[in-house]
Amino acid sequence: MRRGYAGFGGQPKPGPAIPSPNIWNWPEVYETENRAQDADGELWDALRAETGGWEGADVLDVGCGDGFHLPRFAERAATVTGVEPHPPLVERARRRVADDDRIVVHTAGAERLPLPDACMDLVHARTAYFFGPGCEPGIAEAMRVLRPGGVLAVVDLDFTVRPYGTWLRADLPRYDPPAVDRFFAAHGFALRRVLSTWRFERRADLEEVLRIEFSARTARRAIDDVADRTVRVGYRLHTRRRVDGLVLPS
């Protein structure tokens, strides 16, 4: 998980960013988690297929954390911008991308992007901020900064897919996956479900990651449920394209 999942349905709340205890408190362990995620590229393949790719594009990563995905986008994009509300993570992200002058990182949140209108081709958010009802201000901001034809791509965990979704539901029993899907559908998003693989180099790394992602009780259950160093994890990829003449919600 990343930032959010607060309250019923996992709605983000307006105002200051909701602390993300995993990456905010254990950024090195979260780095290990990022390296293990999507080991076979299923999620990246789906993202390219649903957005048309980002070759020569201007890309914005909302809630970029310490910038793990920024260099990956920069392999094909013309420019890459990250926004992250937590200053220590912003500094880590800037150090990560210091050698690439096509990448810039701002201290900012999803609801107030420090960017002009119609300047981006792809806005990407991965397990950050866009968790369902309550994220309307961020959707409006993303639509504002997208050029006509640009895409907002929201990647979130799929609570309905075992085993990871089972552990999520154990810690967040009030989260309502169908309600979240209805929310995004009502706001004009297409949905693609993706089954991906997390593969860790060491068993100890997997266990350490599970301990920062879940409560102590659920983490013990998760560790017992996994026999080796691999976990199958479901994602929901929500995409919405900006069209000419789009009227932004107030």
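Criteria and thresholds
Residues numbered from 1 in each chain as written. Predicted model: local features only at pLDDT ≥ 70, side-chain atom pairs only at ≥ 80, totals over all residues. Heavy atoms only, no water. Core = buried A, V, L, I, M, F, W, Y, C linked by side-chain atoms within 4.5 Å. Buried < 20%, exposed > 50% of the residue type's maximum accessible area, 1.4 Å probe, protein only. Helix = DSSP H or I, 4+ residues; strand = E, 2+ residues; numbered from the N terminus. Contact = heavy atoms within 4.5 Å. Polar contact = N/O pair within 3.5 Å; in protein donor to acceptor, adjacent residues only side chain to side chain. Salt bridge = Lys/Arg side-chain N within 4 Å of Asp/Glu carboxyl O. Axes fitted to C-alpha atoms, helices over the stretch in contact; angles between N-to-C directions. Parallel < 35°, antiparallel > 145°, perpendicular 65-115°, else oblique. Left-handed = near helix turned anticlockwise from the far one by under 90°. Nonpolar A, V, L, I, M, F, W, Y, C, P; charged D, E, K, R; others polar. Pairing = 2+ DSSP bridges. Phe/Tyr/Trp six-rings, centres within 6.5 Å; stacked < 30°, edge-to-face > 60°. Lys NZ or Arg CZ within 6 Å of the ring centre and 35° of its normal.

(A) Representation of the nonpolar core. Formed by 74 residues in total, the largest nonpolar core has its most connected members in Trp54, Leu60, Val62, Val123, Phe130 and Tyr164. The dominant element in this core, judged by the number of residues it contributes, is strand E5 (residues 146–157), at seven residues. Among all residues touching Val123, those that are not within four sequence positions of it are Leu60, Val62, Ala142, Val145, Leu146, Val151, Leu152 and Ala153.

(B) Local environment of the side chain of Asp205. Along the chain, Asp205 falls in helix H9 (residues 203–213). A polar atom in the side chain of Asp205 sits 2.7 Å from the side chain of Arg202. Dropping the residues within four chain positions of it, Asp205 is found in contact with Thr32 and Phe200.

(C) Broad picture of the pattern of salt bridges. Under the definition given, this model contains 22 salt bridges. Note that Arg96 and Asp66 form a salt bridge whose closest N and O atoms lie 3.3 Å from each other. You can see Arg96 sitting in helix H5 (residues 87–96) and its partner Asp66 sitting in the loop between strand E1 (58–62) and helix H4 (70–74), a full 30 residues away along the chain. Assessed through its relative accessible area of 2%, Asp66 is described here as buried. Notably, a salt bridge pairs Arg236 with Asp181, separated by 3.3 Å at the nearest N-O pair.

(D) Spotlight on the packing of helix H7 (residues 164–171) against helix H10 (residues 216–225). The interhelical angle for the contact between H7 and H10, taken along N-to-C directions, is 165°, at an axis separation of 10 Å. Classified by the interaxial angle, the pair formed by H7 and H10 is roughly antiparallel. The two elements H7 and H10 meet at a crossing, and its hand is right-handed. Contacts between H7 and H10 involve Thr166, Trp167, Ala170 and Asp171 on the former and, on the latter, Thr218, Arg221, Ala222 and Asp225. Counted by class, the contact of H7 with H10 contains three nonpolar, two polar and three charged residues.

(E) Seen up close, the pairing of E1. The buried count for E1 comes to five of five residues, which makes it a mostly enclosed element. In the sheet, E1 pairs with strand E2 (residues 79–84) via five bridges, with the strands oriented parallel. Residue pairing across strands places Leu60 opposite Thr81, the latter belonging to E2. With four bridges connecting them, E1 and strand E4 (residues 120–126) associate as parallel partners. Across the sheet, residue Leu60 finds its bridge partner in E4, namely Val123.

(F) Looking closely at helix H6 (residues 136–145). Of all 10 residues in H6, eight are buried, a share of seventy percent or more. The inward-facing, buried residues of H6 abut E1, E4, E5, helix H8 (177–186) and strand E7 (230–241).

(G) The environment of Glu31, seen in detail. If you trace the backbone, Glu31 turns up in helix H2 (residues 27–36). Apart from residues lying up to four places away in sequence, Glu31 is in contact with Asp66, Phe68 and Arg96.

(H) Molecular detail of the packing of aromatic side chains. Applying the stated rule across the entire model yields 11 aromatic pairs. Judged by centre distance (6.0 Å) and plane angle (80°), the ring pair of Trp167 and Phe214 falls under edge-to-face. Here Phe214 lies in the loop between H9 and H10 and Trp167 lies in helix H7, a separation of 47 residues in the sequence. Here Arg72 stacks its cationic end above the ring of Trp44, 4.4 Å away from the centre of that ring. In this structure, Arg126 is placed above the aromatic ring of Trp44, and the distance from its NZ or CZ to the ring centre is 4.6 Å.

(I) How the structure looks around H7. Within H7, the full set of buried residues consists of Tyr164, Gly165, Thr166, Trp167 and Leu168. Elements that come into contact with the buried residues of H7 comprise H2, E5, strand E6 (190–199), H9, H10 and E7.

(J) Local environment of the environment of Asp205. Overall, Asp205 belongs to the buried group, its relative accessible area being 10%. Put simply, Asp205 and Val29 are 176 residues apart on the chain and 7.9 Å apart in space, counted from C-alpha to C-alpha.

(K) Layout of the packing of H2 against H9. At a minimum axis separation of 9 Å, H2 and H9 run at an interaxial angle of 115°. Viewed along their axes, H2 and H9 form a crossing whose handedness is left-handed. Contacts between H2 and H9 involve Val29, Tyr30, Thr32 and Glu33 from the first element and Asp205, Glu208, Val209, Ile212 and Glu213 from the second.

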